[in-house]
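Here's the letter readout for the chains.
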Amino acid sequence: MSKLLKEKIIKIEKLAPLLFRLTIQSEYIAKNAKPGQFVNIKCCDGIDALLRRPISICSVNREQGLFDIVFEVRGRGTEILSLKKPGDILDILGPLGKSFYAPKDNSKIAIVGGGIGVFPLLFLLKELRCAHKTAFLGFRSAENAVLLDEFKKESDSMYVTTDDGSLGSKGFVTDILEQKLSEESYDIIYSCGPVVMMKRVAEAAQKHEIKCQVSLEERMGCGIGACLVCVCKTRKDDGWEYSHICSDGTVFWSSEVIFD
Amino acid sequence: MSKLLKEKIIKIEKLAPLLFRLTIQSEYIAKNAKPGQFVNIKCCDGIDALLRRPISICSVNREQGLFDIVFEVRGRGTEILSLKKPGDILDILGPLGKSFYAPKDNSKIAIVGGGIGVFPLLFLLKELRCAHKTAFLGFRSAENAVLLDEFKKESDSMYVTTDDGSLGSKGFVTDILEQKLSEESYDIIYSCGPVVMMKRVAEAAQKHEIKCQVSLEERMGCGIGACLVCVCKTRKDDGWEYSHICSDGTVFWSSEVIFD
Amino acid sequence: MVISEDMNIAVDIAGLKLKNPVIAASGTFGFGREYSQYIDLNQLGGISVKGLTLEPRQGNKPPRIAETPAGILNSVGLQNPGVHSFIENEIPYIRQFDTAIIANIAGNTVEDYCKMAEILDDEDIDAIELNVSCPNVKAGCVAFGNNPSGIYEITSQVRKFCSKPLIVKLTPNVGDIRETAKAAEEAGADALSLINTILGMAIDIHKRRPILANNMGGLSGPAVKPVAVRMVYEVCQTVKIPVIGMGGISNGDDAVEFLLAGASAVMVGTANFVNPRACIDVLDGIKSYMLKHKYKSIYDIIGALELNQ
Amino acid sequence: MVISEDMNIAVDIAGLKLKNPVIAASGTFGFGREYSQYIDLNQLGGISVKGLTLEPRQGNKPPRIAETPAGILNSVGLQNPGVHSFIENEIPYIRQFDTAIIANIAGNTVEDYCKMAEILDDEDIDAIELNVSCPNVKAGCVAFGNNPSGIYEITSQVRKFCSKPLIVKLTPNVGDIRETAKAAEEAGADALSLINTILGMAIDIHKRRPILANNMGGLSGPAVKPVAVRMVYEVCQTVKIPVIGMGGISNGDDAVEFLLAGASAVMVGTANFVNPRACIDVLDGIKSYMLKHKYKSIYDIIGALELNQ
Ligand SMILES: Cc1cc2nc3c(=O)[nH]c(=O)nc-3n(C[C@H](O)[C@H](O)[C@H](O)COP(=O)(O)OP(=O)(O)OC[C@H]3O[C@@H](n4cnc5c(N)ncnc54)[C@H](O)[C@@H]3O)c2cc1C
Ligand SMILES: Cc1cc2nc3c(=O)[nH]c(=O)nc-3n(C[C@H](O)[C@H](O)[C@H](O)COP(=O)(O)OP(=O)(O)OC[C@H]3O[C@@H](n4cnc5c(N)ncnc54)[C@H](O)[C@@H]3O)c2cc1C
Ligand SMILES: Cc1cc2nc3c(=O)[nH]c(=O)nc-3n(C[C@H](O)[C@H](O)[C@H](O)COP(=O)(O)O)c2cc1C
Ligand SMILES: Cc1cc2nc3c(=O)[nH]c(=O)nc-3n(C[C@H](O)[C@H](O)[C@H](O)COP(=O)(O)O)c2cc1C
Ligand code: FES
Ligand code: FES
């Protein structure tokens, strides 16, 4: 059950020039959110940035009734969001979407995140109680590679890549993943990031016969399955159909998705 | 010369439930503004409340480089303005419009203000160095009758009316004016307020052969004489024409204006 | 909620009885289900469901939405489960609630429309709304909507199969909407609804491509309100049948503009995305306005606009 | 100001040479004078002056403006000092600056237009823009603008008296703007400009009257941008003559949308009211975009849109 909430901003941190973390007080979200879910935020009253902006939940603090989002300033909506101050009230719809599949306790899992898609996976790592967790994280450059301490704390092994080599290995995170997959295996891989990346993750997982879930993105209207704008192609018996990312996803089994 | 300025808000005071005073730091306006002039304010960045809002200058502090506006919350623009905080930067175009006629030092003058139109006349009173100043001030109710101390300080005699009799005499400010005009005379009357009021003031002034200036209002686009939307009917030799309140006014001789 | 015991806000749109004049607009409210967690559907005057076609449709490629100043462009392209699935799965759900069901239908041919009307006429719905004006599908309904003879043809044909209140939804993408309105009236429409979306385009300047995969889409939301109010006014001055107004309604004041202009009811579309409680807020706003001005009946507002001389 | 020594941003619109593609739109910039205290008029590609008529006009009653979501409605009704006063008082003023002068003209009859064109053809102006699409005057120019034969008639007549570049300004209040565009081209227009304002209405719900004294007015500003971009694209796909695009342009990115869609230049209207430096900001924004994407010539952008498949 998602709710329309007015919640207070507790903290806002600038993590990188265009990257911010907002901490929001919300008993309801902190209590009910599951990894992979998102909130749909009205960045300002009125018509400027009219639509809500979907942003994934990056972590929750159930005791204190708080949750975090990490977002990048891309346009008008996220710009307005980045100017918020502690004490401001935010109009939030959430938690929305389906969450990641919960693996067995003795599983060995990997997460593969790229860019801004890295951060929702932190919530997943924190929630997962399983035998072994590996984090593959790809960033554009060192500047955007933030919260690494937290990822480190929540994972048993961690690999970082940057496009420009300014931190970790130079190249794509999928390069390392593919390399590792030739050496070891995982029970399940979870991925979030650019479509090209997730497509490669899905292919690698298929090749190695590993279960894999991806969290997809698309421009949204309602965020709740009513307006039918946020589609992705998924397989069905006799071909394909358009599923709705906000309500059928955002998490899909990679085998269901047709990346084209 | 008016300028496009970004100026800092120093103070915001709630004078009555819907009435606010903003104090703004602006060397340029404080130095150049004359009574009767206004500023055109962009209440928020972006498209919400798209147009600038014209608000009269209520007083200036030349030494400290400050000026005040007093405004009533009527719609979206003024609502946004009322939520500003000290330190916020305001996008202002000004000072705009023609100012009131400066009378001789030995003149006896009266100001007649109604509602929100009272406040720009405070600036006039403060600036006038003349023999005798009378203030006629009409308000809806006691609640809105603010800054009376300042008006008192700047005038030699003061009459206050409220529509509901909750302060001063009950009735219209023009009733008192007409009564007084049968007893004494003024060299010039200045008026600002609702059109019906100014029309009566103009008629009374004409009857008693007193010079009279009125400050008019109309919905505006540019505020600088370019868009031609803010018209009022004024006399000319062979009939009438539409003058532009923002650039030909806001102050007109009442004898020029055709109130209809 | 505004208390309004003695206020009469029920409207009768050519036999379509609504307990209040606020209807969720087609395509913006799914089949009601999605919004039931945020609002009580019993409070709505009605729901116009997602545009239906004879067969299921997948719709257009994504992206299907672009934000524009105070508006959105959409190019869903009528994704829907088809009229049969609607009858089987959706009508029973919505019927649990005390609200009118308006079936919005679209087709590629006159025959499609007629067949759907015939099928739906036997079902438990309250009215049929002909979508002859969707800008997001290539063949079909566009062609009917943008000229009076197309509208006349389709309306008079569908009329034969439809004993329920028949609402024709008009497109704003015409030179003079009074002409298509008249054509629909003459062809036997019971009521008109307007406006559908205005054809528009938004460009991603960095990719040098339209944002929408379909290149163009339909504009809706606050931006279109003044155009919609004008068209509703023009149509109300032209036809005698009732008109349902829409286009950018986000609150009660917006709705009152349409009612004053002559609309007998309003539909709320894009605003639902921004505020899932929009329909209820619109309804409450209408009531507040009536209270403030001491109107006892919604009919005291409808068409009460006086022109300036 | 963006430094751009080696950037070519001059455009040639059928003989109208502009040093850059940013023109102040008619009716929003007076005769340039008013804005000269905020910006250097030498920096503008051109100024399309307030719509001129043969005789001076007082225009419509106030209120003449209403704000709407992300837009404004205006009903100025062509208040202007008449073409003779323009020639005597305004041309000499604007000519002090190095910027093109476009005379925007409107009339009640074909003869009015022809007479004005004849008079202005001998004057020191750079182009004539036919306003056949003003929604704010009852008789006259509206009637020409909303149908292809009206446009054809007036354009071909005026053409006879006009040796300067002749721009025909199109109204969006039509069913298919490609048809009026084609008519103007066939009748001998050198270029087209679009869009003029979209007819709209806003209601003061407490007075139960339209806000504008004239009841209806023309919608402009950011709200109309997606409609304008779409129409500019459609027209550019249809005619061979150059097109000047406008409608809601407030910054460089907005202008680039129109250029990509095929416009050879842009006009900036309503944005001037909001930001007196809007024209300069638009120009700087176009240059920044070119720098960022390493375009050397404005012609690398014009019409460079690729459609999605
Ligand atoms: C399910 C989901 C989860 C997301 N989680 C995060 C997150 O945790 N952190 C983060 O930084 N970003 C996240 N995004 C992307 C984020 O929603 C966009 O960056 C944001 O909407 C851009 O808004 P804007 O106003 O800044 O940009 P503008 O370009 O001004 O936005 C214009 C419109 O396009 C939409 N839009 C633009 N880019 C995107 C995009 N990439 N995805 C979806 N809609 C877009 C906006 O929502 C808006 O409707 C997520 C997107 C989705 C769909
Ligand atoms: C020269 C001048 C000086 C003014 N000085 C003051 C002042 O000192 N204090 C004060 O409280 N008010 C003053 N006003 C009125 C003030 O401009 C309006 O109350 C304000 O613009 C309303 O904006 P809004 O967004 O709150 O209302 P909305 O109704 O949301 O505004 C919508 C549009 O209508 C215009 N508008 C609405 N009411 C008026 C009005 N009465 N006059 C002009 N435009 C209007 C707005 O500017 C805006 O463009 C003055 C007006 C003018 C023309
Ligand atoms: C995402 C979306 C989908 C729509 N789908 C339909 C539809 O299937 N049938 C229809 O008649 N109108 C459809 N419309 C148009 C709306 O019903 C309405 O006419 C339009 O959006 C204007 O109202 P608004 O500004 O309140 O949204 C759709 C609109 C949107 C935004
Ligand atoms: C107040 C006002 C007056 C206008 N007067 C004229 C005019 O005299 N002649 C004309 O061709 N267009 C006139 N227009 C239309 C503009 O030139 C332009 O086509 C329209 O406003 C769309 O551009 P914008 O959204 O940038 O304002 C006027 C527009 C406004 C807002
Ligand atoms: S965003 Fe509306 S259905 Fe997904
Ligand atoms: S507001 Fe534009 S001329 Fe006065």
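Refer to the structure presented above.
Residues numbered from 1 in each chain as written. Chains lettered and ligands numbered in written order. Predicted model: local features only at pLDDT ≥ 70, side-chain atom pairs only at ≥ 80, totals over all residues. Heavy atoms only, no water.

Draft legend 1. Region of interest: the pairing of strand 16 (residues 265-268) of chain C. Residue and element names in this part refer to chain C. Taking every second residue as pointing to the same face, both faces of strand 16 are buried, with A265 and M267 on one and V266 and V268 on the other. Sheet analysis places strand 3 (residues 22-24) next to strand 16, joined by 3 bridges and oriented parallel. Bridge pairing links I23 to M267 in strand 16. In terms of strand pairing, strand 15 (residues 243-246) meets strand 16 through 3 bridges, oriented parallel. Residue pairing in the sheet places M246 in a bridge with M267 of strand 16. (Buried < 20%, exposed > 50% of the residue type's maximum accessible area, 1.4 Å probe, protein only. Helix = DSSP H or I, 4+ residues; strand = E, 2+ residues; numbered from the N terminus. Pairing = 2+ DSSP bridges.)

Draft legend 2. Focus on the relation of the copies chain C and chain D. Each copy of the sequence occupies a distinct position, and chain C is placed on chain D by a rotation of 180° and an axial shift of 0.0 Å, giving an RMSD of 0.0 Å. Both copies of the chain, as the preceding transformation shows, are related through a two-fold rotation axis. Nearest to the rotation axis, the C-alpha of C:G175 is located 2.1 Å from it, this being the minimum over chain C. Interface residue correspondence from chain C to chain D reaches 100%, placing this contact among same-surface, isologous pairings. (Least-squares fit on C-alpha atoms with pLDDT ≥ 70 in both. Contact = heavy atoms within 4.5 Å.)

Draft legend 3. Quick peek at the site of ligand 1. Residue and element names in this part refer to chain A. In the vicinity of ligand 1 lie 20 residues, with R53, P54, G75, G77 and T78 positioned nearest. In the model, an oxygen atom of ligand 1 is placed 2.7 Å from a nitrogen or oxygen of the R53 side chain. V70 has a polar backbone atom sitting 2.9 Å from a nitrogen atom of ligand 1. When residues of the shell around ligand 1 are traced back to their parent elements, those giving at least two are strand 4 (53-56), strand 6 (66-72) and helix 2 (76-82). Counting residues per element, the shell around ligand 1 draws most heavily on strand 4, which supplies 4 residues. Residues belonging to the shell around ligand 1 are distributed by class as follows: 8 nonpolar, 5 polar and 7 charged. When we break the shell around ligand 1 down by domain, the ones giving at least three residues each are domain 1 (3-96) and domain 3 (218-260). (Near = heavy atom within 4 Å. Polar contact = N/O pair within 3.5 Å; in protein donor to acceptor, adjacent residues only side chain to side chain. Nonpolar A, V, L, I, M, F, W, Y, C, P; charged D, E, K, R; others polar. Domains from an automatic or database assignment.)

Draft legend 4. Region of interest: the sheet that holds strand 6 of chain A. Residue and element names in this part refer to chain A. Strands sit in the order 4-3-7-1-2-6-5 across an open sheet of 7 strands; the sheet is antiparallel. Only two strands of the sheet have a single partner each, and these edge strands are strand 4 and strand 5 (59-61). The average angle at which neighbouring strand axes cross in this sheet is 40°, direction not considered. Sheet topology places strand 3 (residues 38-42) next to strand 4; 4 bridges connect them, and they run antiparallel. For F38, the partnering residue across the bridge sits in strand 4 and is S56. (Axes fitted to C-alpha atoms, helices over the stretch in contact; angles between N-to-C directions.)

Draft legend 5. Spatial organisation of the pattern of salt bridges. Residue and element names in this part refer to chain B. For the coordinates displayed, the defined rule picks out 61 salt bridges over all chains. Between E72 and R140 there is a salt bridge whose closest N-O contact spans 2.4 Å. Taken as a pair, E72 in strand 6 (residues 66-72) and R140 in the loop between strand 9 (132-139) and helix 4 (148-154) lie far apart in primary sequence, 68 residues in all. By relative accessible area, which is 12% here, E72 ends up buried. Assessed through its relative accessible area of 48%, R140 is described here as partly exposed. With a closest N to O distance of 3.0 Å, R200 and E178 form a salt bridge. (Salt bridge = Lys/Arg side-chain N within 4 Å of Asp/Glu carboxyl O.)

Draft legend 6. Broad picture of the environment of A:A33. Tracing the backbone shows A:A33 in the loop between helix 1 (27-32) and strand 3. Distance from A:A33 to A:E184, taken between C-alpha atoms, is 32 Å for residues 151 residues apart in sequence.

Draft legend 7. View of the packing of helix 4 (residues 148-159) of chain C against helix 5 (residues 177-186) of chain C. All names here are of chain C. Their axes nearest at 8 Å, the elements helix 4 and helix 5 cross at an angle of 20°. With respect to helix 5, the element helix 4 is oriented roughly parallel. The handedness of the crossing between helix 4 and helix 5 is right-handed. Residues P148, I151, Y152 and T155 of helix 4 lie in contact with helix 5, whose contacting residues are E179, T180, A183, A184 and E186. (Parallel < 35°, antiparallel > 145°, perpendicular 65-115°, else oblique. Left-handed = near helix turned anticlockwise from the far one by under 90°.)

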